[in-house]
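Residue-level listing of the chains:
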Amino acid sequence: MIVLINHDGKSEIYTFMVESKYFLLHPHSGVIFESDRKTYEFCNAVGTFGWGRGKEEFVKKYSESEWDALISEIKADETLNKIFFGEKPKPNPPLGIIKSKLSSLSLNVMEDCNFACVYCYGNTGTYNTPNVKMDFETGKKAIGLLIKEGKQVVNIGFFGGEPLLNFPLIQKLVAYAKEKTKDHNKTVNFSITTNGYLINDEVIDFFLENNFTVTLSFDGPKEIQDYNRPLRSGAGTFGVVSKNAKKMLEKGVKVSVRATILPSQLEGYYDIYRFFVDFGFKSVHLEVATINEKSTEEHIAIIKEALEKIAKDELRHYKEKGIIYTKLRDIVRSIYFTAVRPYPCGVARTYFGVSADGTIYPCHRFVGMCNFVIGSVDDFKWENEFIQKILHSTVDKRPYCKDCPIRMYCGGGCIYNNFYYNGDIFKPDKFHCAYMEELFKWGVWLYSNLDEDWLDKAFSRSPLHGVRDEAQADESKTKTNGGDAGDI
């Protein structure tokens, strides 16, 4: 990536190429343009040499009239004029206590598990307190907190351990939540993360009746699933989980798959993705396990190759199947809406994890870590020091991220992973940064090749211009965070 320096010496534009396509990114607003080669080389010349010598270098290959024409074109476009020649907005940091609104709570209804996954961060699902079940009173208090502090539409996620080991409580809490949110004129949605082993017809009917979104923890082909996710007895789980997954898909359950991949399994990253696409899933999320094994340059090279292959697969089948790889879909959606991410997720802002005893943590991954207790369902306060630290630390203020060109499409990385690998919730690891840069690059490329009508239908909105072919440059422009976005 090349940095373009504007008139006051501050970097404003980053340029990059993918598959012979030229792109420009304005990091502050997240606005992306697809350009021709001449505009791209104009930006590179100025970025490399500054305005004075940059003009000399550009004119050597093109002409002074072409330089002047590009400058005129930039000044005539409100967004581009702001980006190239406008004053950089001065930060206006919020002072004092910030209060947010809850979107979701993850309830650890069962802190035990029937699996013994090799990478489990929750001590085989027990979170160091084996066989602790959430009781109905604790669940009711959590729901009361969500209603009181929540948005108009809220989500309750059931988690564990294996949450279906406490299925009767889930049934009671769903009925209670539907009744209470109705009383308060709010809408509640439900989700669950399950290993899939206990799925049966009763559970499936319950999911369908209550419009559940199901995340199935399922790692791939038999040899990988049976190694990564055995039963406590050591027996394999592929047969049962794959059968139950097929049944959920056939019956219309909204189910996505979440696979966790060991670093030693990264060579099969693309093949695992293909396994799930061929299996019939419409949403596939792949994550590298957070374990005490540092990723290497070789791992980074493998993931880069895999992401290229996945992006090209998605382009081939998106009209038939949609965008299946969730993280590419997230990048495409962000570009479509020009929706930048000042935070990596809702952790400690709009989303919290609740342990079986009602203790509140920044998210489900911190449950059981005493240094990260936020409070409890009895005494939650937005004034909590950790919550305020998160709310005040947008990605552009984080020392390791504030100068990253793709920061607004990343948000700074999972704070649990950051803490695990670096002891600092705001310091992402090297593998994450390399992955996000490659993911962003292929996400932009994929977006630039998607059919506009399909995008509008897929995201149920009128067209927003992010990356578009130059032939569409004169079509209507749409208001974004950075002004009117179009092509140059």
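Rules behind the numbers
- Residues numbered from 1 in each chain as written.
- Predicted model: local features only at pLDDT ≥ 70, side-chain atom pairs only at ≥ 80, totals over all residues.
- Heavy atoms only, no water.
- Core = buried A, V, L, I, M, F, W, Y, C linked by side-chain atoms within 4.5 Å.
- Buried < 20%, exposed > 50% of the residue type's maximum accessible area, 1.4 Å probe, protein only.
- Helix = DSSP H or I, 4+ residues; strand = E, 2+ residues; numbered from the N terminus.
- Contact = heavy atoms within 4.5 Å.
- Expected span 1.5 Å × (residues − 1).
- Arc of directions from axis to C-beta.
- Disulfide = S-S within 2.5 Å.
- Axes fitted to C-alpha atoms, helices over the stretch in contact; angles between N-to-C directions.
- Parallel < 35°, antiparallel > 145°, perpendicular 65-115°, else oblique.
- Left-handed = near helix turned anticlockwise from the far one by under 90°.
- Nonpolar A, V, L, I, M, F, W, Y, C, P; charged D, E, K, R; others polar.

Student: Residue-level account of the nonpolar core, with values.
Tutor: One finds Phe 158 and Phe 207 to be the most contacted residues of the largest nonpolar core, which totals 128 residues. Per-element accounting of this core gives the leading share, eleven residues, to helix H14 (residues 430-449). Here Phe 207 is in contact with Leu 164, Ile 192, Ile 199, Phe 212, Val 214, Met 248 and Val 253, once residues within four sequence places are set aside. Formed by 18 residues, the second largest nonpolar core is a distinct cluster that contains Leu 24, Ala 45, Val 46 and Leu 70.

Student: Lay out helix H11 (residues 326-337) with the relevant residues and their values.
Tutor: In this model H11 runs 16 Å from its N-terminal to its C-terminal C-alpha over twelve residues, within 8% of the 16 Å that 1.5 Å per residue would give. Of all the twelve residues making up H11, nine are buried; the element is thus mostly covered by neighbouring parts of the structure. Turning to H11, its buried residues number three or more, namely Thr 326, Lys 327, Leu 328, Arg 329, Ile 331, Val 332, Ser 334, Ile 335 and Tyr 336. Where H11 ends, the next residue or the one after it, Thr 338, has phi of about 45 degrees, a positive value.

Student: Could you give me a rundown of helix H8 (residues 238-251), with the residues and numbers involved?
Tutor: Its 14 residues give H8 an end-to-end C-alpha distance of 20 Å, which sits within 8% of 20 Å, the value for a rise of 1.5 Å per residue. Of the residues making up H8, those classed as buried are Phe 238, Val 241, Ser 242, Asn 244, Ala 245 and Met 248. Down the axis of H8, the buried set is contained in an arc of 165 degrees. They therefore lie on one face. For H8, the exposed residues set more than 90 degrees away from the buried face come down to Lys 243 and Glu 250. Packed against the buried residues of H8 are helix H6 (201-209), strand S9 (213-217), helix H7 (222-228), strand S10 (254-261) and helix H9 (269-279).

Student: Account for the state of the cysteines, naming residues and giving values.
Tutor: Inspection of every chain in the model, using the stated rule, returns zero disulfides. With no disulfide partner, Cys 117 has as its closest neighbouring cysteine sulfur the one in Cys 113, 5.9 Å distant. Left without a disulfide partner, Cys 404 is nearest to the cysteine sulfur of Cys 433, which lies 6.6 Å away.

Student: Got a sec to walk through the packing of helix H5 (residues 167-183) against H6? Specific residues and values, please.
Tutor: Contact pair H5 / H6: the axes reach a minimum separation of 12 Å and the direction vectors enclose 20 degrees. For the element pair H5 / H6, the angle class is roughly parallel. Along this stretch, H5 crosses H6, giving a crossing that reads as left-handed. Packed against H5, whose contacting residues are Phe 167, Ile 170, Gln 171 and Val 174, the element H6 presents Glu 202, Val 203 and Phe 206 at the interface. Counted by class, the contact of H5 with H6 contains five nonpolar, one polar and one charged residues.

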